[in-house]
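Structure assessment
Listed below are the residues making up each chain.
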Amino acid sequence: MDSKSLGTWLSELEQLHPSAIDLGLARCGEVAGRLDLLSPSATTITVAGTNGKGSTVAVMEALLCEQGVSCGAFTSPHLINYNERIRVNGTEVDDDVIVRAFEAIDSARGDISLTYFEFGALAALWVFRELGVEYQLLEVGLGGRLDAVNIIDADVAVVTAIGLDHQEWLGSDVETIAIEKCGIARSGKPCIVADEHAPLTVLKTLSDLGATAIKGGSDYRFSDTLFSWCDGQSFPWDVPSGVIPLNAAAAVAALLSAGLAVDERGFANAMRQLRLRGRREHIDRGEGDLSIVLDVAHNPDAAMKLHEFLATLRKVEKTVAVFAVMADKNCHDMVSRLRNDVDVWCLPKGIGGERGQDPEKLADYLGESSRVF
């Protein structure tokens, strides 16, 4: 029998589980155990947080590739192709590799129902095991403590900036959300706390777990031009415009905590190869005065970072925003952060499926500066 295509698999996985999000480790952990994935030989670095997870993973991935250290990266969601979620040595794995992983998972799961995300997380772990990577970088999908990637004990955990998002699953305030994010840390293992202004519950939770907190702003320091590690090592750096220094510093701190060396030359070489799609991505088309900025900001804190980035660009006569958002996001606060930056809002219909926000509601809020397409 011929194998199903990746597209067919993905269509079936969207219908396999009764809900798109179903937090918990039991189902995924049981299948992982059957596949012998729970004790990987690779060093595992797991990244949680509200904003900055993807860019933190991307910086670590670039630094590992620059040193010739084999690495796998699992991130989500994807922008265009599903393969973006599972990369080895900076390259998206082929369809047939993911299909073989899906076949192995489907055979092992029996009557256990898995979500779309859980299937993907298990597939990444299977691929990384099969290809023998030395490091696996795992980005949490939602929360941390009960997210599928947390079936693996992280050798190093990273908690990026924490803000309000996904409150219906994680809690109504940043202190409660922080507890969920810190659930990826392990006793006796380092946990990088990227934000020096992190909620107070971060350090308390890490202490309760027995993890070793390594905090930005005290255990290591950084600015736009310099990184300094706790052992006195420091080097000048030039962080790419698409990466916030806080996230680049967390990535470097995580690799140093894992025992890798990072220096000025290595960082510079890695960043020259880094292309971070959809994160403050600035495209100059060379067509008159037209330029394009692509950004996946999806909560108020991220929208504020986009506002700050737009302020660094050259002044223009008109800014047009094409904007779509999920209905469960705090879209009013997101828009308010950017309202003074945008002259015209273009609101497309049919984006996001059942979770998509009705653009007519956004238009009512934005008023005459908006138009629904």
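The following refers to the structure shown. (Residues numbered from 1 in each chain as written. Predicted model: local features only at pLDDT ≥ 70, side-chain atom pairs only at ≥ 80, totals over all residues. Heavy atoms only, no water.)

**Focus: the sheet that holds strand S15 (residues 344-347)**
Neighbouring strands of a sheet are bound in pairs by backbone hydrogen bonds; such pairs are parallel or else antiparallel. Spelled out, the test is: Pairing between strands is defined by DSSP: at least two bridges between them are needed. In this description a helix means any DSSP run of H or I spanning at least four residues, a strand means any run of E spanning at least two, and both kinds are numbered starting from the N terminus. Only the stretch in contact is used when fitting a helix axis, every axis being a line fitted to C-alpha atoms; angles between N-to-C directions are given from 0 to 180 degrees.
Here 3 strands make up an open sheet; going across it, the order is S14-S15-S16 and the pairing parallel. Edge positions in the sheet fall to strand S14 (320-322) and strand S16 (370-372), since each of these pairs with one other strand and no more. Each strand of the sheet is rotated relative to its neighbour by a mean of 20°, with strand direction disregarded. When S15 meets S16, the two strands line up parallel, connected through 3 bridges. The partner of Cys346 across the bridge, within S16, is Arg371.

**Brief notes about helix H13 (residues 359-366)**
Condition: The buried label goes to any residue with under 20% of its type's maximum accessible area, the exposed label to any with over 50%, and the partly exposed label to all in between, with areas taken from a 1.4 Å probe on protein chains only. An arc is given here, and it is the one of the directions from the helix axis to the C-beta atoms. Contacts: residue pairs with any heavy atoms within 4.5 Å of one another. Pairs of N or O atoms within 3.5 Å make up the polar contacts considered here, provided that, within protein, one atom can donate a hydrogen while the other can accept it, and that residues adjacent in sequence are counted only when both atoms are side-chain atoms.
Along H13, the residues classified as buried are Pro359, Leu362, Ala363 and Leu366. Buried residues of H13 fall within an arc of 100° about the axis and therefore sit on the same side. Facing away from the buried side of H13 by more than 90 degrees, the exposed set consists of Lys361 and Asp364. Buried residues along H13 sit in contact with helix H12 (331-338), S15 and S16. Between the side-chain oxygen at the start of H13 and the backbone nitrogen of Glu360 there is a gap of 3.0 Å, and the oxygen is on Asp358. Where H13 ends, the next residue or the one after it, Gly367, has phi of about 80°, a positive value.

**Examining the nonpolar core**
The following threshold applies: Only buried residues count toward a nonpolar core. Its members are Ala, Val, Leu, Ile, Met, Phe, Trp, Tyr and Cys residues joined through side-chain atoms within 4.5 Å.
With 58 residues, the main nonpolar core has Phe74, Ile86, Phe102, Ile105, Leu122, Val127 and Phe128 as its most contacted residues. A per-element tally of this core places helix H5 (residues 116-131) first, with 11 residues. Not counting residues up to four positions away in its chain, the partners in contact with Leu122 are Cys28, Val31, Ala32, Leu37, Ile105, Leu114 and Ile151.

**Examining the packing of aromatic side chains**
Rules: Any Phe, Tyr or Trp ring, taking Trp's six-membered ring, that has another such ring centre within 6.5 Å forms a pair; planes under 30 degrees apart are called stacked, those over 60 apart edge-to-face, and the others tilted. Criterion for a charge above a ring: Lys NZ or Arg CZ within 6 Å of the ring centre, and within 35 degrees of the ring normal.
Using the criterion set out here, one finds 16 aromatic pairs in the structure. Ring centres 5.6 Å apart and planes at 75° place the aromatic pair Phe323 and Trp345 in the edge-to-face group. Highlighted residues: Phe323 in the loop between S14 and H12 and Trp345 in strand S15, separated in sequence by 22 residues. Grouping residues by exposure puts Phe323 and Trp345 together as buried. Taken together, the aromatic side chains of Tyr220, Phe222, Phe227, Trp229, Phe235, Trp237 and Phe267 make up a single cluster linked through ring pairs. Between the NZ or CZ atom of Lys4 and the centre of the ring of Trp9, over which it lies, the distance is 3.9 Å. A cation over an aromatic ring shows up here: Arg339 above the ring of Tyr365, its NZ or CZ 5.0 Å from the ring centre.

**Things to note about the pairing of strand S8 (residues 212-215)**
Inclusion rule: A clockwise path from the first strand over the helix to the second, with the strands pointing away from the viewer, defines a right-handed crossover.
Taken together, the 4 bridges between strand S7 (residues 190-193) and S8 define a ladder with parallel strand orientation. When the bridges of S8 are listed, Pro190 appears paired with Thr212. Regarding topology, helix H8 (residues 200-209) serves as the crossover connection from S7 to the parallel S8, and that connection is right-handed.

**As for the sheet that holds strand S9 (residues 221-222)**
One open sheet accounts for 3 strands, arranged S9-S10-S11; its pairing is antiparallel. Each having just a single partner strand, S9 and strand S11 (234-236) make up the two edges of the open sheet. In terms of strand pairing, strand S10 (residues 226-228) meets S11 through 3 bridges, oriented antiparallel. When the sheet's bridge partners are listed, Phe227 is paired in S11 with Phe235. Along the sheet, helix H9 (residues 245-257) makes contact with S9, S10 and S11, crossing S10 at roughly 35°.

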